[in-house]
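Here is how the chains run, residue by residue.
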There are 4 protein chains.
Amino acid sequence: MSLELEGIHEECGIFGVWGHPDAARLTYFGLHALQHRGQEGAGIVSNDQGHLIGRRGLGLLTQVFPDESSLTPLTGDRAIGHVRYATTGSGSIENIQPFVFRFHDGDIALAHNGNLTNCDSLKGELEDQGAIFHSNSDTEVLMHLIRRSPEKDFMAALKQALRQVHGGFAYLLMTEDAMIGAMDPNGFRPLSLGQLPGGAYVLASETCALDLVGATLVRDIGPGEIVRVDDSGYSIERYTDQTCLSICSMEFIYFARPDSNIYGVNVHSARKRMGARLAREAPVDADMVIGVPNSSLSAASGYAEAAGLPNEMGLIKNQYVARTFIQPSQAMREQGVRMKLAAVRGVVAGKRVVVIDDSIVRGTTSRRIVRLLREAGASEVHMRIASPPLRYPCYYGIDIQRTSELIAAKKSVEQIREAIGADSLAYLSLDGLVDSIGLGRDAPYQGLCVAYFNGDYPTRLDDYEQGFLASLTPEDRTRLEASKGSYGLDMPAGSGQKINER
Amino acid sequence: MSLELEGIHEECGIFGVWGHPDAARLTYFGLHALQHRGQEGAGIVSNDQGHLIGRRGLGLLTQVFPDESSLTPLTGDRAIGHVRYATTGSGSIENIQPFVFRFHDGDIALAHNGNLTNCDSLKGELEDQGAIFHSNSDTEVLMHLIRRSPEKDFMAALKQALRQVHGGFAYLLMTEDAMIGAMDPNGFRPLSLGQLPGGAYVLASETCALDLVGATLVRDIGPGEIVRVDDSGYSIERYTDQTCLSICSMEFIYFARPDSNIYGVNVHSARKRMGARLAREAPVDADMVIGVPNSSLSAASGYAEAAGLPNEMGLIKNQYVARTFIQPSQAMREQGVRMKLAAVRGVVAGKRVVVIDDSIVRGTTSRRIVRLLREAGASEVHMRIASPPLRYPCYYGIDIQRTSELIAAKKSVEQIREAIGADSLAYLSLDGLVDSIGLGRDAPYQGLCVAYFNGDYPTRLDDYEQGFLASLTPEDRTRLEASKGSYGLDMPAGSGQKINER
Amino acid sequence: MSLELEGIHEECGIFGVWGHPDAARLTYFGLHALQHRGQEGAGIVSNDQGHLIGRRGLGLLTQVFPDESSLTPLTGDRAIGHVRYATTGSGSIENIQPFVFRFHDGDIALAHNGNLTNCDSLKGELEDQGAIFHSNSDTEVLMHLIRRSPEKDFMAALKQALRQVHGGFAYLLMTEDAMIGAMDPNGFRPLSLGQLPGGAYVLASETCALDLVGATLVRDIGPGEIVRVDDSGYSIERYTDQTCLSICSMEFIYFARPDSNIYGVNVHSARKRMGARLAREAPVDADMVIGVPNSSLSAASGYAEAAGLPNEMGLIKNQYVARTFIQPSQAMREQGVRMKLAAVRGVVAGKRVVVIDDSIVRGTTSRRIVRLLREAGASEVHMRIASPPLRYPCYYGIDIQRTSELIAAKKSVEQIREAIGADSLAYLSLDGLVDSIGLGRDAPYQGLCVAYFNGDYPTRLDDYEQGFLASLTPEDRTRLEASKGSYGLDMPAGSGQKINER
Amino acid sequence: MSLELEGIHEECGIFGVWGHPDAARLTYFGLHALQHRGQEGAGIVSNDQGHLIGRRGLGLLTQVFPDESSLTPLTGDRAIGHVRYATTGSGSIENIQPFVFRFHDGDIALAHNGNLTNCDSLKGELEDQGAIFHSNSDTEVLMHLIRRSPEKDFMAALKQALRQVHGGFAYLLMTEDAMIGAMDPNGFRPLSLGQLPGGAYVLASETCALDLVGATLVRDIGPGEIVRVDDSGYSIERYTDQTCLSICSMEFIYFARPDSNIYGVNVHSARKRMGARLAREAPVDADMVIGVPNSSLSAASGYAEAAGLPNEMGLIKNQYVARTFIQPSQAMREQGVRMKLAAVRGVVAGKRVVVIDDSIVRGTTSRRIVRLLREAGASEVHMRIASPPLRYPCYYGIDIQRTSELIAAKKSVEQIREAIGADSLAYLSLDGLVDSIGLGRDAPYQGLCVAYFNGDYPTRLDDYEQGFLASLTPEDRTRLEASKGSYGLDMPAGSGQKINER
């Protein structure tokens, strides 16, 4: 889980239920399955016959809901919940979701997973018109747009608002009489509808949450779709026809839980295929394969089986250390205090090892892993990465927004190898990634967003465009501008493949 | 980690350091590597030029030491620490260690891992002589014995006290001018001495803690040994010559971290060998091997490689759920809310799976696992257990003290198979276990305690003897009494192999 | 302090400072002097070179700011703070002030003491225009009005907004470059400007806060005034000329601290005069005078001196009991468990006592006091109230909004006497009250609001008018309608004495 | 309450009940009435059919028992409780009482108010015999003595133990079948037995706690008495006949609540008499009398009435400030930030005031009060102290153990007057004090301990004797040695008046 170690974070998980007598508790359990998507904060809003009741707080679900009494007030048979991703320092209760808005004509709760590309512009415009924002979050913008819509009907106003926000988003709303999910036109983030044995409907960021609560998948919510659940059942419609699937490939590589399925593809199996493909693309003569726990264990297993090598537990992760605020002194670090990962000397000593990791962000974790293994006696350390080099930021909801953080934006593979001290280094090819996931859709990259690897963003970048261009090397800029017409920065409005254009 | 799910717990981990400028912080990190040995409480006592300063509390290390300021007062270059095992309800701050005793002639801190068999008798005798106890713990008894010893010299008094306590124990003491570790005559619990690059000495329950702080193993502390570390270095001596190694085999099977070495045996590798031996003892025609996360993954890997089957991630553990106090309602449970373990449908559907687990306690977890896998579509579920059937309580520090909790005490293997609903079930043989661990010592069972499997306790049971005999079936009782002379309940005093006899 | 016992509460205290190097700390101390005005919550916002930094929370100041580290982040030489009044259950962090609003064109903090009469209408109108409110508080309305004002200049926009809100208010704002206080056109709530020895300016709800921080009074902020403090000093102007002083008489009777001065009148001395006047209006043949602690001790002292009777401590208040959430069982109550007040048997046994209290709300406390004194052996208990009967709600910031709670709205003085079980009962006359306070202003009731006693509200009631009329007896309604022309419900717009009319 | 401001503290309050269905709750309320005797910590131990259940913690009662659920586990119809006095820094949970001791032959809970003079000697002896102490408190010593007593019968063992401890103590014990109170041979601390309407018995440090729970006084527990309450009722006996009443005079001067009675003397009335006597002993030509709130208000009232002067509220105490951990900076202090006391300008400006305070410890508070009053415009400030100069430490339970802290130990009255800046200063005479309290007993000083004023300690000082002698001036030493024979340091053993001699 080197990504976690280096601080790339998913932005949030959402879960909602309609029609279960203990809706808040079910949401609590559903959010547990999504806790890996956000550990900064959590909240649940229940709907008791139209009355919305919320509780939210900083920290893990178990901190926000420490005991039964914390759930007791959340009565009603409908609820939505949210887990928020972890950052350092910015954590403020104002930003914890779901937000509850109370109006004289009814209450609305809103939660959000994703990132808008035109949020700043919209906020500026709205403030100039007198709007007051209470959070840093992109989420609030949607509510202002809904409330200012001239449309009288709520669904019409919502659709109009959705057409104004650009970027990646999966919204989850609870009004007095409906639960609504809405997906951006590219379907960047996963969202699935499920049904419980008793008939209640469930919306969740990942199918692992459906499984945990015992729900059956009804279907994934696709690009540009709105799903509305109320007492008459569910209905799905589209608020735009300018859609094109480009779901975040990092969900398959790192974020999603291995037991989740996205558009029918099991994440663990996709990772095994990435590992197997990597074994074929970049074989190595070695004694054993080692996966970096926990996110790279599937890929390591795929590599080992394809390579015919034993798959060993040569690295161990300290599961309890996640949330310590106490750090080793510099002297201790130099003496080798190793908090999060340990190499197992008895396994690796004297061996030539292939280490499988899902990705390299800054390179510091990889360097540490190589050093740990060498100190534990490994005779050779070959690093194999089960995805292509990360070179560009994400603007749709993953917390990598600066090119300068990415080692592969500045260095060649050989330079990276040298920096991390490995005997050899290889990455999975982009084609290898796309084929291993195997969505098989009739869309660019089979329906995946792979912009982090090749800069080919499937939408305009709006407020981020200037900064992005400024961060590029001249060659990159030339290359990306040449890609106009299929994907890129300067897309003509109305192009069939393009979306988010009015 | 089915044992964890069913509530068998190790009693505690200990860590100490002598001669490092930031001793308390180093102890904090050392305890992190031992956190799996106890999550109920933690404490650290530092020694600043003879002045002992302590902090202890309920919960995980990160809860007891939430921030830098919690370590700041623990100045000095010597410290000892303790993590305490988790039970429900009995958690009381009085029992959290290390204990600090303040006397007009100096302070002493004391921590303890293990269980005494004659604690109640000793406490009763001491109380009749006016002693007052402040905790439920076995630990305090030792201090009363030391203080009442007629010996003037502290080390002499300590040795006299150690000869009076029976059972399993690894004591760690901090006096004003020395750090002392003491092991019971059987060496039931692991304890290792290490040295840091700068020369400081470290004592830890497991070598993984030495690794985490960058220390090199000096040697394991053996049966009946006392190690004393002071400013002149370390010395090791024996307080009794009636010793016989019988280290707890459950350390190898379940408790110890896979990256620890015990008497030179790497735990992960031992587990792989148990899995491989199990594959030979109990093969099965199947499509894949699945380990129960996290403790059985090593054994599963060994089984898969020996059997030539793919090793898949068919079960996933929800790592965040450990400490929730909110439970699903009965209705939710029946609908299938699954908090801790999930089966990965995309992996197991339609497959014949071999599930490897380290042990079965009550059988409830195994039954749940079988059901999860069947619901996820597995066509056959074969359970293989990488240790022999658990049939007898432990009196030396593991929290299984009632035969009635153990399904294998009451049922045959076939009856257990039926109870858990598996297509087949097999356990590793006792010989298989002993050989796989491979201590190779010239002692019964190669130096292991395997009493949980065969009732062959390596010491008198003292206060527990009556209860143990009462819990046996008549046949068992006959069988165990017949084993007199080698191991058993009625050992003649002074026997060479026997220890703890006065 | 019977009012406190029965649940009448002031709405809030405010404090601000401009130009002191440790502004947040000074605000902390200033708020301490105002803690009696609000115990539900507290907050401080500092201004560090234009950057606003806030902290707020539920509970007392010492709970919200438990230690130095809670003040440390609030850097800067300018700050405003707020203490919020205590209610049961409604306490929600969203409503704790000061609010901080962050706009692309700068931050503004806002705190408020008072109640608007047209808040609901304004909120409805604003929501219909797309505004979103995040709190229940009246405070937020002002910010929406400011932001929607067509005026470009902030002060002009603020004045326009202030002319739209009706009722009682003292607002305190912190912009990036100024601290601003604003008073409603009637000056219902007290607000004073002071100056520290070093030159810094201070705004506070009461002069006791000026005294605590060592500031000298500059002057009280009067009806319709805005005071602006910035780096060039302070300036005061009026945003309306339709003003008429009618400061809340309850400030003199009960709320304000005895060491505060309001428009030059010392509160303690005013209370002594009320007591002395009451002694003349309603003398009684008795052995001693007893004040109900703590708020009635001044009045009792005035009564005793005027009557020539000893002033005794016959009732004692348990100062620590204020915030317990544990209540006596009904059986204990019947057995006489007395949590808050105790009668001193050694003082009152066998005596004829005159008890002075500041007011009677529901009568339950008075009944309890009479019973306590009789049980302690008092031979006669004469109750004297140092204000007129409370018969009408307050709509300007005191938490008595329902006539049905007021015993004097439904019962005659003789009926109240019977209900509370006193030997005699008398209230201070309205003239007696007005003269004792002695503001001596050329305004109705010498510049006091006495509507709680006679229903003569100095403004329109706006959103409350319907409810108020519905709560009246027919006679009362006739009487109050007859008072039109001087004060009342149906005032012609533009009348010289009237204010808040556009 | 200048004593509180300067840090003299009572050591603890105790409360117990036998035979009430909700004993822990009743104890909670009883302790509320005693909260003024200790704010550092609190605890309650209930006895449910012989099973003792305890809860204790740091802080106020409302912090230790924050809600109903904190009392719920304390079932049973018998309970004892304790509030512990406040000191800075030394607060440690180990020292919070009641202590619960669990023995194989039954549980015992123990609480204590007082201080032993031979505690250190006893602890040293006991440790040499192997005893282990877990707290700093004097309390534990008694339990060790009981357990080591050769007496088989508990009451006999207790009496033997009580004869070994010297000094001031009121012990409260709960065994499985009895509640026991024990008083030292001088009756230094107050303790009263009461009875509830339903028949239950109550023991409390002050009668105000009896009043709060609705109990009637049965009788005070006198010197050398043991009261035992069990299901057969209560019995009182003496464990020594070497008794002589010398109850702490500071209870009357400062500690006890004004509504308490001690040996039939109402504390408020005693204080009024001290004030009246002081008016006669030290009259002054002035405009008004001002009491220092809260403890000196009774004395001020007595002074004013005797002097024919108005009694005014010229000083006000900030009741909320008690527990802040945030302090004004030095600059703020110099600028006049006044946290705890404020002078009321409107009352004192231009007036000649007599300030009544109960005592002067270091003089810092008096100096501050004089300055506050002068800054508020008082033209003359005359300080009158309603007790004699404090010159000697207390060794029986009041936290003044160093002569060097006492301004009157080093300075004459005129020097103190100069130091505090008053226009005049006078103290009540020792005879005035003794007569005003008016116990009227046939014992030295009518049964009061007045050693703080004249050094005439009613017992040997044991472990403190050396330090006390060393702290004396040569003259004092000569004077005190001359007083041998009546009271003093060198009393012959067995003297009729003397006690605590074996």
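Residues numbered from 1 in each chain as written. Chains lettered and ligands numbered in written order. Predicted model: local features only at pLDDT ≥ 70, side-chain atom pairs only at ≥ 80, totals over all residues. Heavy atoms only, no water.

A.B. asks: Can you explain the environment of alanine 426 of chain D? Please cite residues and give values.
C.D. replies: Residue and element names in this part refer to chain D. Summarising the element assignment, alanine 426 is placed in strand β23 (residues 424–427). Along the primary structure alanine 426 and glutamate 414 are separated by 12 residues, whereas in three dimensions their C-alpha atoms are 9.0 Å apart. Those residues within four positions of alanine 426 in sequence are excluded, and the remaining contacts are Leu278, Ala282, Met383, Arg384 and Ile385. (Helix = DSSP H or I, 4+ residues; strand = E, 2+ residues; numbered from the N terminus. Contact = heavy atoms within 4.5 Å.)

A.B. asks: Can you lay out the pattern of salt bridges for me, pointing to particular residues and giving the numbers?
C.D. replies: Residues and elements named next belong to chain A. All chains considered together, the criterion is met by 100 salt bridges over all chains. Between arginine 37 and glutamate 251 there is a salt bridge, and its shortest N-O distance comes to 2.8 Å. Linking arginine 37 in the loop between α2 (23–33) and β2 (41–48) with glutamate 251 in helix α9 (residues 249–255), this pair joins segments that are 214 residues apart in sequence. Like glutamate 251, arginine 37 is buried. Residues participating in the shared-partner salt-bridge network are Arg37, Arg189, Glu206 and Glu251. (Salt bridge = Lys/Arg side-chain N within 4 Å of Asp/Glu carboxyl O. Buried < 20%, exposed > 50% of the residue type's maximum accessible area, 1.4 Å probe, protein only.)

A.B. asks: Let's hear about the interface of chain A and chain B: which residues, and what values?
C.D. replies: Every contact between the two is made by 64 residues of chain A and, on the other side, 64 residues of chain B. Taking both sides of the interface into account, the surface hidden between chain A and chain B amounts to around 5,000 Å²; carbon and sulfur atoms contribute 59%. The shortest N-O distance in the salt bridge between lysine 272 of chain A and glutamate 312 of chain B comes to 2.1 Å. Per element, the largest residue contribution to the side of chain A that touches chain B is six residues, and it comes from α2 of chain A. Here the side of chain A that touches chain B is composed, by residue class, of 29 nonpolar, 22 polar and 13 charged. (Buried area = accessible area lost by both parts, 1.4 Å probe. Nonpolar A, V, L, I, M, F, W, Y, C, P; charged D, E, K, R; others polar.)

A.B. asks: Outline the interface of chain A and chain C, supporting the account with residue identities and numerical values.
C.D. replies: The interface is formed by 20 residues belonging to chain A together with 20 residues belonging to chain C. Summed over both sides, the interface between chain A and chain C buries roughly 1,600 Å², with carbon and sulfur atoms accounting for 51% of that surface. In terms of surface lost to chain C, no three residues of chain A exceed Glu127, Ile132 and His134 of chain A, which account for 35% of the buried area on that side. Viewed at the interface, chain C and chain A are joined by zero salt bridges. Inspection of the chain A/chain C interface yields six residue pairs in polar contact (both at pLDDT 80 or more). Every element with two or more residues in the side of chain A that touches chain C is listed here: β5 (99–103), α5 (119–128) and α6 (139–148) of chain A. (Polar contact = N/O pair within 3.5 Å; in protein donor to acceptor, adjacent residues only side chain to side chain.)

A.B. asks: So, the domain arrangement of chain A: which residues are in play, and what are the values?
C.D. replies: What the domain assignment lists for chain A is domain 1 (2–243) and domain 2 (269–318 + 327–438 + 457–481). Computed from C-alpha coordinates alone, the two centres of domain 1 of chain A and domain 2 of chain A are separated by 32 Å. (Domains from an automatic or database assignment.)

A.B. asks: Can you explain the relation of the copies chain A and chain C? Please cite residues and give values.
C.D. replies: Superposition of chain A onto chain C requires a rotation of 180° combined with a translation of 0.0 Å along the rotation axis, giving an RMSD of 0.1 Å. Between the two chains, the operation in question is that of a two-fold axis. Looking at the rotation axis and the C-alpha trace of chain A, the residue lying nearest is alanine 131 of chain A, at 3.1 Å. Both copies share a contact surface, since 100% of the interface residues of chain A are interface residues in chain C too. (Least-squares fit on C-alpha atoms with pLDDT ≥ 70 in both.)

A.B. asks: How would you summarise the packing of aromatic side chains if you had to cite specific residues and measurements?
C.D. replies: Under the counting rule described, the total for this entry stands at 60 aromatic pairs over all chains. Between tyrosine 28 of chain A and phenylalanine 65 of chain A the ring centres are 6.1 Å apart and the planes differ by 75°, which places this aromatic pair in the edge-to-face class. Here tyrosine 28 of chain A, found in helix α2, pairs with phenylalanine 65 of chain A, found in the loop between α3 (61–64) and α4 (68–71); they are 37 residues apart in sequence, far enough to count as distant. The same class applies to tyrosine 28 of chain A as to phenylalanine 65 of chain A, namely buried. A centroid spacing of 5.2 Å and a plane angle of 65° characterise the contact between tyrosine 201 of chain C and tyrosine 234 of chain C, whose relative ring orientation is edge-to-face. Separated by 33 residues along the polypeptide, tyrosine 201 of chain C in strand β10 (residues 201–204) and tyrosine 234 of chain C in strand β13 (residues 233–238) bring together distant segments of the chain. Its relative accessible area of 14% is what places tyrosine 201 of chain C among the buried residues. (Phe/Tyr/Trp six-rings, centres within 6.5 Å; stacked < 30°, edge-to-face > 60°.)

A.B. asks: Which residues make up the state of the cysteines, and what are the values?
C.D. replies: Residues and elements named next belong to chain A. For the structure on display, the rule yields zero disulfides over all chains. Cysteine cysteine 208 remains unbridged, with the sulfur of cysteine 12 as its closest cysteine sulfur at 15 Å. By relative accessible area, which is 1% here, cysteine 208 ends up buried. Cysteine 244 forms no disulfide, and the closest cysteine sulfur to it belongs to cysteine 449, at a distance of 10 Å. (Disulfide = S-S within 2.5 Å.)

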